[in-house]
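Here's the letter readout for the chains.
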Amino acid sequence: MPASPSRMLAARLVNAVLLEGRGLTLTLQETRATGADPRVVAAAQSLAYGTLRRAGRLRFFLRALAGRALSPPTLLGPLLVGLHELDARTGPDYAVVHDSVAGVARDHPRARGFANAILRNFRRRQMELETALLADPEARWNFPAWWLERLQAAYPDSWQAIVATQNGHPPMTLRVNRRQTSVQDYSRLLTQAGHANRQTGPWALTLEQPVPVAELPHFQTGWASVQDLGAQWAAPLLGCEDGMRVLDACAAPGGKTAHLLERHAPRLLALDSDARRLTRVRDTLARLGLQAEARHGDAGQPWDWWDGEPFDRILLDAPCTASGVVRRHADGKWLKRAEDMQQLAREQTRLLDALWPLLRMDGRMLYATCSLFPAENGERIDAFLARHPEARLLPVHVPGCVGDEDMCQLLPGTDSDGFFYACLLKT
Ligand SMILES: C[S@@+](CC[C@H](N)C(=O)[O-])C[C@H]1O[C@@H](n2cnc3c(N)ncnc32)[C@H](O)[C@@H]1O
């Protein structure tokens, strides 16, 4: 029996993340661009995500079963995918082992026996290994040790619940475009189309089961967009009004830009330093029939793109570790390093300081991240307030926030990912 193409592709995707440090989204885009069969890519994507979600546990099993470093190292992908399938019992053991070994043997004929022994021994030693992994935090919780340490320090009572939620599957939440329809009417349309849903926020409908966007009623004509509930608080917190001059400083792919424009008619500049991602802002605005200037530029160097007219509102949705949305991007937890957070914190500070002078007196700047780590959130804002006595916090009221009452930390839960918001007023 030849090895299944989806298993082989999944193994390559896992190697791209764990050995080459490449993001899964980009690698998948490149794979699709080669004309690969969409069904094979979809099956491989699901396998790769499943494997990466539990990579701490699976790598622990593999280390114990192999007893030595893998040679060549690229055996990692096929063996982890095979172990994931055995562990999750996706099919009969003999079929998983046979097909996984055939995949290994295609690229590395001399590793056939080694792969066979590892996969066959897994079931025999599973009980013993399950007990042993309890002593290894990375294997037990499926997060890097440095990540767990920071979560434990920040959330001593809830870190285990956070980790458990983030190892699960994310909800699919829609933002209803109230320029086109009402939340109630769109909910009924979804139900009629067979997609059970419930309202989880002022504009939010969460689907019971994820569906391809092409199946959503009137998606192409802009009646709804996919956006997590936590991200849907940015637009109301910024408090725009018609005609205001607004900067969305880190705008791509444009989810929050679009929400701002669905609610009001500001003169909006959507800026992003990634030209490729900026095309997604333009596509989103075109689908929703909204208008804004989308511009390529570094928010930290305003003299390259600013015309000198102050902004009434600035949204700084800063680049961050994305630790609050990791259940959507299971590769993220293995790609980030502890040092990245220090570098991101420096960048967040640079962007805050560079954009603040562009805000008019009495104007508001909303600082947002999709992170759970205080070093990217409250600590950045406290340091900013210490440097800028003319800045004052406006209290942020969002259901479900934890921590400091003036700032909002949303933790990942059933209906929302993890987000942070702080609203700064220039006095
Ligand atoms: C968290 S994402 C923004 C998500 C977006 N606001 C939304 O809701 O769809 C952060 C964005 O910041 C952009 N970015 C990173 N550094 C930047 C910089 N120096 N100037 C402008 N954009 C930057 C990244 O390219 C990325 O698109």
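Small disclaimer: the values here were computed from a predicted structure and weren't measured.

Undergrad: In this structure, what is going on with the site of the ligand? I would like to understand it.
TA: Near the ligand you find 19 residues, and of these Cys250, Gly255, Asp274, Ala299 and Asp317 are the closest. Mapped by element, the contributors of at least two residues to the shell around the ligand are helix 13 (255–263) and strand 6 (267–272). Here the shell around the ligand is composed, by residue class, of nine nonpolar, four polar and six charged.

Undergrad: What's the story with the sheet that holds strand 4 (residues 224–226) in this structure? I'm lost.
TA: Each strand in a sheet pairs with its neighbour through backbone hydrogen bonds, running either in the same direction (parallel) or in the opposite one (antiparallel). The strand order 2-3-1-4 describes an open sheet built from four strands, whose pairing is antiparallel. This sheet does not close on itself; its edge strands, each paired only once, are strand 2 (197–199) and strand 4. Across the sheet, the mean angle from the axis of one strand to that of its neighbour is 30°, orientation sign disregarded. Here three bridges tie strand 1 (residues 172–176) to strand 4, and the two strands are oriented antiparallel to one another. Directly across from Leu174, in strand 4, lies its bridge partner Val226. In the packing of helix 11 (residues 183–192) onto the sheet, contacts are made with strand 1, strand 2, strand 3 (204–207) and strand 4, and the angle to strand 2 comes to roughly 170°.

Undergrad: For this particular structure, what's the right way to read unusual backbone geometry?
TA: With glycine set apart, most residues show a phi of negative sign, and most peptide bonds adopt trans. Following Ser71, the chain continues into Pro72 via a peptide bond in cis, with omega recorded as 0°. Secondary-structure assignment places Pro72 in the loop between helix 4 (55–66) and helix 5 (76–88). At His218, a position not held by glycine, the phi torsion is positive, near 55°. Despite not being glycine, Ala322 shows a phi value in the positive range, around 60°. Structurally, the position occupied by Ala322 is in the loop between strand 8 (311–317) and helix 15 (332–335).

Undergrad: Would you take a moment to explain the nonpolar core for this structure?
TA: Grouped burial of nonpolar side chains is what soluble globular proteins tend to show. Formed by 106 residues in total, the largest nonpolar core has its most connected members in Val14, Ala249, Leu316, Leu366 and Tyr367. The element best represented in this core is helix 1 (residues 5–18), accounting for nine residues. Counting only domains with at least three residues in this core, you end up with domain 1 (5–139) and domain 3 (230–426). What Val14 contacts, discounting residues up to four positions off in sequence, is Ala48, Thr51, Leu52, Gly77, Leu80 and Val81.

Analysis parameters
Residues numbered from 1 in each chain as written. Predicted model: local features only at pLDDT ≥ 70, side-chain atom pairs only at ≥ 80, totals over all residues. Near = placed C-beta within 6 Å. Helix = DSSP H or I, 4+ residues; strand = E, 2+ residues; numbered from the N terminus. Nonpolar A, V, L, I, M, F, W, Y, C, P; charged D, E, K, R; others polar. Pairing = 2+ DSSP bridges. Axes fitted to C-alpha atoms, helices over the stretch in contact; angles between N-to-C directions. Contact = placed C-beta atoms within 7 Å. Core = buried A, V, L, I, M, F, W, Y, C linked by C-beta atoms within 7 Å. Buried ≥ 20, exposed ≤ 12 C-beta atoms within 10 Å, placed from the backbone. Domains from an automatic or database assignment.

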